[in-house]
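Summary of the model geometry
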Amino acid sequence: MYQIKVNGKYEFDIDGNGEDLSINKNKISADARRLNASSWHIINGLRSYNAEVVSFNAAEKTAEIKVNNNLYTVTAKDQFDVLLDKLGLSSLTSAKISEIKAPMPGMVLKVLVTEGTEVKKGDNLFILEAMKMENIIKSPADVTVKTVKIKPGDKVEKGQVLLQFN
């Protein structure tokens, strides 16, 4: 059983065992043929669909799927995610982070955030040069920058606290 959300607003309950498929408790009798590693042709009723998986993130249970040249963002929750939501424990699985430490010794080339900046998971925080390579350090979670303890030109040691978050 999966709860699927499409484009952040349309919700579906999907249940299937490999042979039978139901959407919102309605049995679906579709004919699906795999065209290649990421594309399918589906016939359901009198309608034909070309579906392609554009991107897929198994860890976050998200995908972008193109159906007949329309792009859809899909998020999924399995029965365990649903149970955690019902128990009020889903927020425990989100990353809680209070600081960023230097992953290696190096020199700060550029700081891309300031105190009070709200950043999303994956946003660039700063550029650290180490062993003649530039490393862009990204945010591991959605956070607000509380304190910036570095500036361009600073030399840092591995494990040194560079940024603190609220």
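Above this note sits the structure.
Residues numbered from 1 in each chain as written. Predicted model: local features only at pLDDT ≥ 70, side-chain atom pairs only at ≥ 80, totals over all residues. Heavy atoms only, no water.

Regarding the overall build of the protein
When helices and strands are tallied, the protein shows 1 helix and 17 strands. Against the compact-globule benchmark of 15 Å for 166 residues, the protein has a radius of gyration of 22 Å, which places it well outside the compact range. The principal-axis extents of the C-alpha atoms in the protein amount to approximately 65 × 40 × 25 Å. With 166 residues in all, the protein has 19% of them scored as buried. Pairs at least 24 apart in sequence give 40% of the contacts found in the protein among residues at least 6 apart. (Helix = DSSP H or I, 4+ residues; strand = E, 2+ residues; numbered from the N terminus. Rg over C-alpha atoms; globule rule 2.2 N^0.38 Å. Buried < 20%, exposed > 50% of the residue type's maximum accessible area, 1.4 Å probe, protein only. Contact = heavy atoms within 4.5 Å.)

Regarding unusual backbone geometry
Where the residue is not glycine, phi is negative for most of them; where a peptide bond is considered, it is trans in most cases. The phi torsion at Asn24 lies on the positive side, around 50°, for a residue other than glycine. With respect to the secondary-structure elements, Asn24 resides in the loop between β3 (21-23) and β4 (26-28).

Some thoughts on the sheet that holds strand β8 (residues 62-67)
Strand order across the open sheet formed by 9 strands is β4-β3-β2-β1-β9-β8-β7-β6-β5, with antiparallel pairing between neighbours. With partners counted over all chains shown, the strands left at the sheet margins are β4 and β5 (30-34), one partner each. Strand-to-strand twist of the sheet, defined as the mean angle between neighbouring strand axes without regard to direction, takes the value 30°. Pairing of β3 with β4, which is carried by 3 bridges, proceeds in the antiparallel orientation. Across the sheet, the residue bridging to Ser22 is Lys27, located in β4. On top of the sheet, helix α1 (residues 79-86) reaches β1 (2-6) and β9 (70-78); it is set at about 70° to β9, its chief contact. (Pairing = 2+ DSSP bridges. Axes fitted to C-alpha atoms, helices over the stretch in contact; angles between N-to-C directions.)

A word on the nonpolar core
Ranked by internal contacts, the top residues of the largest apolar core, which has 17 residues, are Ile100, Leu125, Phe126, Val156, Leu163 and Phe165. If you list the elements that add at least two residues to this core, you get β13 (124-130), β15 (143-148) and β17 (161-165). (Core = buried A, V, L, I, M, F, W, Y, C linked by side-chain atoms within 4.5 Å.)

Comments concerning the sheet that holds strand β16 (residues 155-156)
Strand order across the open sheet formed by 4 strands is β14-β13-β11-β16, with antiparallel pairing between neighbours. Edge positions in the sheet fall to β14 (133-138) and β16, since each has one partner strand and no second. When strand β11 (residues 106-111) meets β16, the two strands line up antiparallel, connected through 2 bridges. Opposite Gly106, over in β16, you have Val156 as the bridge partner.

Points about the environment of Ala30
With respect to the element layout, Ala30 can be found in strand β5. In this structure, the C-alpha to C-alpha distance between Ala30 and Asn44, residues 14 residues apart in sequence, is 4.4 Å. Those residues in contact with Ala30 that sit more than four places away from it in its chain are Ile42, Ile43 and Asn44.

Things to note about the pairing of β17
Remark: a regular strand shows side chains that alternate across the two faces of the sheet. Here 3 bridges tie strand β10 (residues 99-101) to β17, and the two strands are oriented antiparallel to one another. Looking across to β17, one finds that Ile100 is bridged to Leu163. In this sheet, β17 lies alongside β15 in antiparallel orientation, the contact comprising 3 bridges. Residue Thr147 lies in a different strand from β17, and its bridge partner there is Gln164.

Geometric descriptors of this kind do not, in isolation, establish any biological role.
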